[in-house]
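Structural overview
Each chain, letter by letter, is given below.
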Amino acid sequence: MGELELRNLTKVFGGGGGDESGDDDGDGIVAVSDLSIEMADGEFLVLVGPSGCGKSTTLRCIAGLEHTTDGRISLDGRDITDLKPKERDMAMVFQNYALYPHMTVRKNIGYGLSITTDLSSSEVDDRVEEIAELLEIPELLDKKPKELSGGQQQRVALGRAIVREPEVFLMDEPLSNLDAKLRTQMRTEIQQLQADLGTSTVYVTHDQTEAMTMGDRIAILDGGELQQVGTPLECYHEPANAFVAGFIGSPSMNFLPVEFTGDELRHKAFSYDLSADLQEHLRNAPRELTLGIRPEHIEIAEDGARNVVHAPIEVIEPMGELSYLHLTIGGTTYTASIDGDRHHQVGEAVDVLFPEAKIHLFARDGGEAVKNSRDAAAPATDESATVATD
Ligand code: ATP
């Protein structure tokens, strides 16, 4: 079992918090604020957010490397908030691998087992060899860390965590020291390994692609506060607020300030007629809204289409299958991702559409979503909304 629960977890540095030694390290910085998440046994949960949002601190609190200021952490219903790290039945994999440089791979993997269990040295050795087979590194067992590549060191670090058969794996940006190709490969390997072992995993990253591709669910943090927890597709289609909408997806969602008049959205460069269903859905929406549209959802209007916006192309980035057009609308630059076979030129103006089913609307004050692309409460229409230049 590995049902982990964080209940109102708060960590303040310098305001009564501190590290394992009990020292205070700062002056009242709220690193994590009132964070509650429940994880199912075997789940792969990714904590994601920009630098300084509190991901590592949350993970370190779960590991017991930081004392919590407030709140409760439990594993399988047992309160572990005040237990020492070694009493928590969790294994952590760090960004810098944290291997013992003077020990062979065999010793690095087996060391934790030999000091925390009463297994004989031949039993530890058998277990280490089993794990080395699993990670496809048996030929490295008698090498020292400095003789290994970054990817191999990462495998050893994983081996060290797996050998202990913990209830929970905690991984803090474990792939960030690898080059892009190896990172993609290790991403898949870690996912497969985790699925095979069925061990609950909390994985920290600042990389939204890693979060989207690896997590069963992702928890998005900002300023120490949980913004949303959901499956990658829920967070993509139904972001709780503009922060999540902008963080998830690449290139990022475009945001345009608009005024909701009751039957249309008014932007300084165009007005956007709303369907009757969407007008009804927005009945109680605030006047000041932000229209969100993902680059991949902007469409190039066919000749003769009505109510399109003419947007000059500032820059074209050909990506092969796709091209990114940087378009100027009302003096601001937005990105559209279009079919790479289409031919356009910088300086030319294109006619674009924002399909109504694909637009998001957020309250400008506070950023809360009032309409999403797959909002059950919003009309599921494929009909492209009209975008008319004023
Ligand atoms: P990154 O991706 O840059 O590692 P993060 O999301 O993991 O960022 P944390 O390392 O958890 O963020 O830090 C959250 C906040 O807590 C930051 O403002 C950071 O400066 C502060 N912080 C972290 N550790 C300490 C500490 N030991 N003493 C004081 N402040 C700290």
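Thresholds, definitions, all that
- The written sequence of each chain sets the order in which its residues are numbered from 1.
- Owing to the predicted nature of the model, reporting of local features is limited to residues with pLDDT of at least 70; listing and counting of side-chain atom pairs is limited to 80 or more, with chain, interface and lining totals taken over all residues.
- Only heavy atoms go into the side-chain values, all of them from the structure, while hydrogens and water stay out.
- By the criteria applied, helices consist of DSSP H or I runs no shorter than four residues and strands consist of E runs no shorter than two, each listed in order from the N terminus.
- A contact between two residues is defined here by any heavy atoms of the two lying within 4.5 Å.
- Each reported salt bridge corresponds to a side-chain nitrogen of Lys or Arg within 4 Å of a carboxyl oxygen of Asp or Glu.
- Here the term buried applies to any residue with accessible area under 20% of the maximum for its type, exposed to any over 50%, and partly exposed to those in between, with areas from a 1.4 Å probe on protein chains only.
- Domain delimitation follows an automatic or database domain assignment.
- Throughout this description, a polar contact denotes any pair of N or O atoms lying within 3.5 Å of each other; where both atoms belong to protein, one of them has to be capable of donating a hydrogen while the other can accept it, and for residues adjacent in sequence the pair is counted only when both atoms sit in side chains.
- The pairing criterion is simple: DSSP has to find at least two bridges between the two strands.
- Throughout, the term near means that a residue has one or more heavy atoms lying within 4 Å of the molecule or strand in question.
- Accessibility throughout is a Shrake-Rupley quantity obtained with a 1.4 Å probe, and a residue counts as covered only by protein chains that appear here.
- The classification used treats Ala, Val, Leu, Ile, Met, Phe, Trp, Tyr, Cys and Pro as nonpolar, Asp, Glu, Lys and Arg as charged, and all other residues, Gly among them, as polar.

**Points about the environment of Arg60**
With respect to the helices, strands and loops of the structure, Arg60 is situated in helix α1 (residues 55–63). Counting along the chain gives 25 residues from Arg60 to Pro85, while the straight-line C-alpha distance between them is 9.5 Å. Once you skip the residues sitting within four places of it in the chain, Arg60 turns out to touch Leu65, Glu66 and Met92.

**What to know about the pattern of salt bridges**
Should their charged atoms come close, side chains of opposite charge can pair. Using the criterion set out here, one finds 16 salt bridges in the structure. Linking Glu38 and Arg7 is a salt bridge whose minimum nitrogen-to-oxygen distance equals 3.0 Å. Separated by 31 residues along the polypeptide, Glu38 in strand β2 (residues 29–38) and Arg7 in strand β1 (residues 4–13) bring together distant segments of the chain. For Arg7, a relative accessible area of 31% translates into the label partly exposed. A salt bridge links Glu264 to Arg266; the shortest N-O distance between them is 2.8 Å.

**Overview of the domain arrangement of the protein**
For the protein, the assigned domains are domain 1 (4–242) and domain 2 (255–389). Taking only C-alpha atoms into account, the centre of domain 1 sits 39 Å from that of domain 2. Contact residues are listed per partner, giving eight residues for domain 1 and 12 residues for domain 2. On the surface where domain 1 and domain 2 come into contact, there are zero salt bridges. In this structure, the connection of domain 1 to domain 2 is made through six residue pairs in polar contact (both at pLDDT 80 or more). The element that contributes the greatest number of residues to the side of domain 1 that touches domain 2 is helix α7 (residues 232–237), accounting for three residues.

**Considerations on the sheet that holds strand β19 (residues 349–353)**
Whether parallel or antiparallel, the strands of a sheet pair through hydrogen bonds between backbone atoms. Strand order in this open sheet of five strands is β15-β19-β16-β17-β18, and the pairing throughout is antiparallel. The open sheet has two edge strands with one neighbour each: β15 (299–300) and β18 (332–339). In this structure, strand β16 (residues 309–318) lies alongside β19, joined through four bridges in antiparallel fashion. Its bridge partner being in β19, His310 is matched across the sheet by Asp351.

**Some thoughts on the environment of Leu140**
Residue position: Leu140 is located in the loop between α3 (121–134) and α4 (150–162). Of the residues examined, Leu140 reaches a relative accessible area of 5% and is grouped as buried. Between the C-alpha atom of Leu140 and that of Val156, which follows or precedes it by 16 residues, the distance is 9.1 Å. With near-sequence residues (within four places) excluded, Leu140 lies in contact with Val105, Leu148 and Gln152.

**Describing the site of the ligand**
Around the ligand sit 14 residues, and of these Ser51, Gly52, Lys55, Ser56 and Thr57 come closest. In this structure, Gly52 approaches the ligand through a main-chain N or O atom, which is 2.8 Å from an oxygen atom. Within the complex, the protein chains bury 66% of what would otherwise be the 640 Å² of accessible surface of the ligand. Per element, the largest residue contribution to the shell around the ligand is three residues, and it comes from α1. Classifying every residue of the shell around the ligand by side-chain character gives five nonpolar, six polar and three charged.

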